[in-house]
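Descriptive structure summary
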Amino acid sequence: MRPLQLEMLYPEIANLFGDTQNLRYLALCLPEAELVRSSLNEEPAFLRRRPDLIYLGPMTENGQRLALERLLSHRERIAELIADGTVFLCTGNALELFGERIVNPVQDYELEGLGLFSLRSELALFDRLNSKVLGRFDTGASDSEPITLVGFKSQFSQVYGDNTDGFFLRCTRGVGLNRSSALEGVRRNNFFGTSLLGPMLILNPPFVRYLIELLLPTGEAPRHLAFEQVAQQAYEERLREFEDPRTSGFASPSSAGAARG
Amino acid sequence: MRIRFMLALWLAKACACTLRLLKRGGTQLPGRIALALCPAFLSQIGLPPLVIAVTGTNGKTTVANIVVDVYEHLGFRVASNRQGSNLNAGVAAALLTDAGLGGQARAQVAVLEIDERSSRLIYPFVAVDILVCTNLFRDSVGRNGHAEYIAFLIDSALPLQARLVLNADDLISAQLGLPGGAGAAQGTGTARAGNERRFYGVAPLPGEVQRTDSLSRDIAICPVCSTALHYSFVRYHHIGRAVCPNCGFHSPEADYLATGIDPLAATLSVQMPAGPATFRLLNDSVFNIYNQMAALAALREAGLDVEQLTSAFSAIKLTESRYHAEECGSVRLVMQLAKGQNAIACSRAFDYIAQQPGRKALVLNLDDHFDAQGGSENITWLYDCDYEYLNDPHIAQLVIGGVRSHDHYLRLRIAGVPPERMVRTRHERDTADLVDLENIDAVYILYDVYTVDTAKAVRSRLQARLQARLTERGGAQ
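For clarity, every value in this text was computed on a predicted model and none was experimentally measured.

Let us look at the overall build of chain B. Within chain B, the secondary structure is distributed over 14 helices and 17 strands. Taking 2.2 N^0.38 as the reference for a compact globule, 477 residues should give roughly 23 Å; the C-alpha atoms of chain B span a radius of gyration of 23 Å, in line with that estimate. Viewed in the frame of its principal axes, chain B has a C-alpha envelope of about 75 × 60 × 50 Å. Each of the 477 residues in chain B was classed as buried or not, and the buried ones make up 59%. Here chain B displays about 18,100 Å² of accessible surface, and carbon together with sulfur accounts for 52% of that area. Seen as two clouds, the 45 positive and the 46 negative side-chain charges of chain B have centres 6 Å apart.

Residues and elements named next belong to chain B. Every buried residue of helix α10 (residues 306-315) is accounted for by L309, A312 and F313. Buried residues of α10, seen end-on, are gathered within an arc of 95° and therefore sit on one face of the element. Taken together, the buried residues of α10 touch α4 (60-73), β11 (275-280) and α9 (286-301). The N-terminus of α10 is capped by D305, whose side-chain oxygen sits 3.2 Å from the backbone nitrogen of E307.

A few words on the pattern of salt bridges. If you walk through the whole model with that rule in mind, you get 43 salt bridges over all chains. R77(A) is paired through a salt bridge with E80(A); the nearest N and O atoms lie 2.7 Å apart. One end of the pair is R77(A) and the other is E80(A), both in helix α3 (residues 75-84) and 3 residues apart, which spans about a single turn. Using a relative accessible area of 46% as the deciding quantity, one classes E80(A) as partly exposed. The residue E327(B) makes a salt bridge to R332(B) at a minimum N-O spacing of 2.7 Å.

Let us now look at the sheet that holds strand β16 (residues 422-425) of chain B. All names here are of chain B. Strands sit in the order β12-β13-β17-β14-β15-β16 across an open sheet of 6 strands; the sheet is mixed. Two strands in the sheet have a free side with no partner beyond their single neighbour: β12 (323-328) and β16. Taken pair by pair, the neighbouring strands of this sheet meet at an average axis angle of 15°, ignoring direction. Across 6 bridges, the pairing between β12 and strand β13 (residues 331-337) is antiparallel. In the strand pairing of β13, H324 is matched with M335. Across the sheet, helix α12 (residues 405-414) lies against β14 (360-365), β15 (395-401) and β16, angled at about 160° from β16, the strand it touches most.

Now for the packing of aromatic side chains. Considering all chains together, one arrives at 22 aromatic pairs over all chains under this definition. On the numbers, 5.8 Å between centres and 75° between planes, the contact of F279(B) with F313(B) is edge-to-face. In this pair, F279(B) is assigned in strand β11 and F313(B) in helix α10, connecting sequence segments 34 residues apart. By relative accessible area, F313(B) is classed as buried at 0%. Ring pairing ties together the aromatic residues F137(A), F168(A), F192(A), F207(A) and Y210(A), which thus form one cluster. Its guanidinium or amino end placed over the ring of F117(A), R188(A) lies 4.2 Å from that ring's centre, counting from NZ or CZ. The cationic tip of R211(B) hangs over the ring face of Y389(B); the distance from NZ or CZ to the ring centre is 3.8 Å.

L26(A), F207(A), F350(B), L364(B), Y387(B) and L446(B) are the most contacted members of the largest nonpolar core, which has 77 residues in total. Examining the composition of this core, we find that 7 residues originate from one element, helix α11 (residues 343-355) of chain B, more than from any other. Setting aside residues up to four positions removed in sequence, F207(A) forms contacts with F137(A), I147(A), L149(A), F168(A), F192(A), M200(A) and L201(A). In this structure, V91(B), L131(B), I150(B) and C222(B) belong to the second largest nonpolar core, which totals 60 residues.

Here the focus is the interface of chain A and chain B. In this assembly, 44 residues from chain A lie in contact with 39 residues from chain B. Of the roughly 3,400 Å² buried between chain A and chain B, counting both surfaces, carbon and sulfur atoms make up 59%. Three residues stand out in chain A for area buried against chain B, namely F17(A), F126(A) and F227(A), and they jointly supply 15% of the buried area on that side. The tally of links from chain A across to chain B stands at 4 salt bridges. Between D407(B) and R238(A) there is a salt bridge, with its nearest N and O atoms 2.5 Å apart. When residues of the side of chain A that touches chain B are traced back to their parent elements, those giving at least two are α1 (21-29), α2 (61-71), β8 (129-137), β9 (147-155), α4 (200-203) and α6 (228-243) of chain A. A total of 8 residues in the side of chain A that touches chain B trace back to one element, the largest contributor, which is α6(A). Residues of the side of chain A that touches chain B, tallied by class, amount to 21 nonpolar, 13 polar and 10 charged.

Now for the environment of H324(B). All names here are of chain B. Here H324 is to be found in strand β12. The spatial distance from the C-alpha of H324 to the C-alpha of Y444 is 9.9 Å, given a sequence separation of 120 residues. If near-sequence neighbours (up to four positions away) are discounted, H324 is found in contact with L333, V334, M335 and R459. Within polar-contact distance, the side chain of H324 engages the side chain of R459 at 2.9 Å.

Residues and elements named next belong to chain A. Reading across the sheet, the 4 strands line up as β6-β5-β7-β10 and stay open at both edges, with mixed pairing between neighbours. Among the strands making up the open sheet, the edge pair consists of β6 (109-112) and β10 (157-161). Strand-to-strand twist of the sheet, defined as the mean angle between neighbouring strand axes without regard to direction, takes the value 15°. Two strands pair when backbone bridges link them, and strand β7 (residues 119-123) and β10 are joined in this way by 5 bridges, in the antiparallel orientation. Bridge pairing in β10 places L119 opposite G161.

All names here are of chain B. Here the domain parsing of chain B yields domain 1 (2-194 + 285-315) and domain 2 (323-476). Distance from the C-alpha centre of domain 1 to the C-alpha centre of domain 2: 32 Å. At the junction of the two partners, domain 1 supplies 10 residues and domain 2 supplies 13 residues. Here domain 1 and domain 2 share an interface that buries about 970 Å² over both sides, 52% of which is from carbon and sulfur atoms. In terms of surface lost to domain 2, no three residues of domain 1 exceed R138, R143 and F287, which account for 47% of the buried area on that side. One can count 2 salt bridges joining domain 1 with domain 2. Ionic pairing is found between R138 and D384, a salt bridge with its closest N-O pair at 2.8 Å.

Cut-offs used in this document
Residues numbered from 1 in each chain as written. Chains lettered and ligands numbered in written order. Predicted model: local features only at pLDDT ≥ 70, side-chain atom pairs only at ≥ 80, totals over all residues. Heavy atoms only, no water. Helix = DSSP H or I, 4+ residues; strand = E, 2+ residues; numbered from the N terminus. Rg over C-alpha atoms; globule rule 2.2 N^0.38 Å. Buried < 20%, exposed > 50% of the residue type's maximum accessible area, 1.4 Å probe, protein only. Areas by Shrake-Rupley, 256 points an atom, 1.4 Å probe, with all protein chains shown as cover. Lys, Arg positive; Asp, Glu negative; His and termini not counted. Charge placed at Lys NZ, Arg CZ, Asp CG, Glu CD. Arc of directions from axis to C-beta. Contact = heavy atoms within 4.5 Å. Polar contact = N/O pair within 3.5 Å; in protein donor to acceptor, adjacent residues only side chain to side chain. Salt bridge = Lys/Arg side-chain N within 4 Å of Asp/Glu carboxyl O. Pairing = 2+ DSSP bridges. Axes fitted to C-alpha atoms, helices over the stretch in contact; angles between N-to-C directions. Phe/Tyr/Trp six-rings, centres within 6.5 Å; stacked < 30°, edge-to-face > 60°. Lys NZ or Arg CZ within 6 Å of the ring centre and 35° of its normal. Core = buried A, V, L, I, M, F, W, Y, C linked by side-chain atoms within 4.5 Å. Buried area = accessible area lost by both parts, 1.4 Å probe. Nonpolar A, V, L, I, M, F, W, Y, C, P; charged D, E, K, R; others polar. Domains from an automatic or database assignment.

Written out as structure tokens, the structure is:
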């Protein structure tokens, strides 16, 4: 049986906010996995084979332009992989590349996205949104409870579009796609796109367990996570803090968005 | 308009006087009052004949302090925001405090530390003659976004008359002030003319080990053609000498180059446009050599001669609140600032300490109390920071303090630090009692910018423990 293959796209530009450590942590949890780094000026591994997981992290605005220049010619292959159930994890503003358009009025440009999701991103370079996020991820299994995730978002962009049929998190605190939404990110099959950034996997051991279960062949015994006890302790502590109504720093969705979400 | 300005000036000066009488100087309140009453205050207040601004991610406070100290040593009257904030209100407070009742400047030179994000609120209104940018790195995620964004903020606000003093070894800030503006390299620039630019740098030092393993490198590809840059020398992160193998884009040459240091003699050799010179070395850490070089280049560009610089550098020292070392018997006790939420500043501090000789214990009190005011600090920066440098057999113990101690502990475990080398406590002041003083040569207390008082309390307790140990051993003999 071939080892698991985890592909990190464009690590030389998609590496902000400590996000690349998500894959490092996953690799620590799955020591047999092969970590492939596909750089900007080479052909991505996913063109030649079907990786088990494809990861794209947050980047600068210019990085979005460079990544899109490369990815647009692979649009059909990416759509095929998503339809096929390949696990994608996109964090920070990487998700925006998969939408229809990215608009940046301050720097006066518009980028055509991959168009795989009906999303439009608008950048406001002088109005950065910072928020903690507490939300629930529905595993889709009838016999399991939703997983509660904690995380941070910090972004210039507001993403617009209807994600009611496929969202990543339902926020109980903090905002989703934009300031009017309580539904965070997108999900289609095993494509998980979220604007949460930083070490979101390390912060959320229950979600890592879910992800690993998804990656491993059916029937394989569950794995222990790397440094599981201390990671779980840190998660539970943060969860307590985020659930504490005295903890601030959560942007609030407007009433219209809350009703929609 | 003038009446509004005068009213703002007098009320703000009255506020500044009152605060001084109450011994509460150093706030930006007078500046906030002035700007609230007269939004155009900064464009109307009188400026000294020379205005030097210092900005950048790391080192700007140190560089601004050095420049102020040099001028004051030479007998100049200086207006500065050293005791206040580096935002527009802090700049207004510094200038109005110096100004006479008519708003005219009394100082001969203004030295202004400027927060990078305040560029648009300051540079269009304050005619800066010399603008130093120390470096641009990734910084606090919420406050700064990313280094390219900060470069855009500064570049799009740059005053054209300002002569820029830039770090030749930092390819991000080295692109400031190019003709065409922030997007020039990507072909999306404007018709803007460029600034006059001077560069300083630090040549590879004898025996210097390249840090090619830094977690982050904020510029890894050529800004012109996106080809992977070839670094012929990597000092740390993206600081070094780079060239694009495809289009030839490369790091600029330094006009002021540190060519060598002698730590024992405390000398710094510099190649300047006018020829070589030697100055007293203020500190032998490489980031402080950069700070001294930035100050030196700015001062020379401002017209000071080598004799004046030699005299001043011989007399001044770095501000103690950022670094303080003392000997307690056989143990060196060091307080070192390592700004929380700033992955690069902490990485540099970790690297510096790891490279110091002897067996060390470290106290890590790095919680950012400002960010934690919301009840739970954003800890994403831990994973941009090189905790791996602390996985060193000569670092015998890591004592982790603060409510985020479990997050730091997990990060250190991922970095490979064995658990038996670490202890943790939620209470920062308790860290002093957890340090194992046996068989170590030095204790380093790393603290955040908002926790200086806690760090001093930890130092006092460690001083007392070390003193008690000396007394005990003296008695035993």
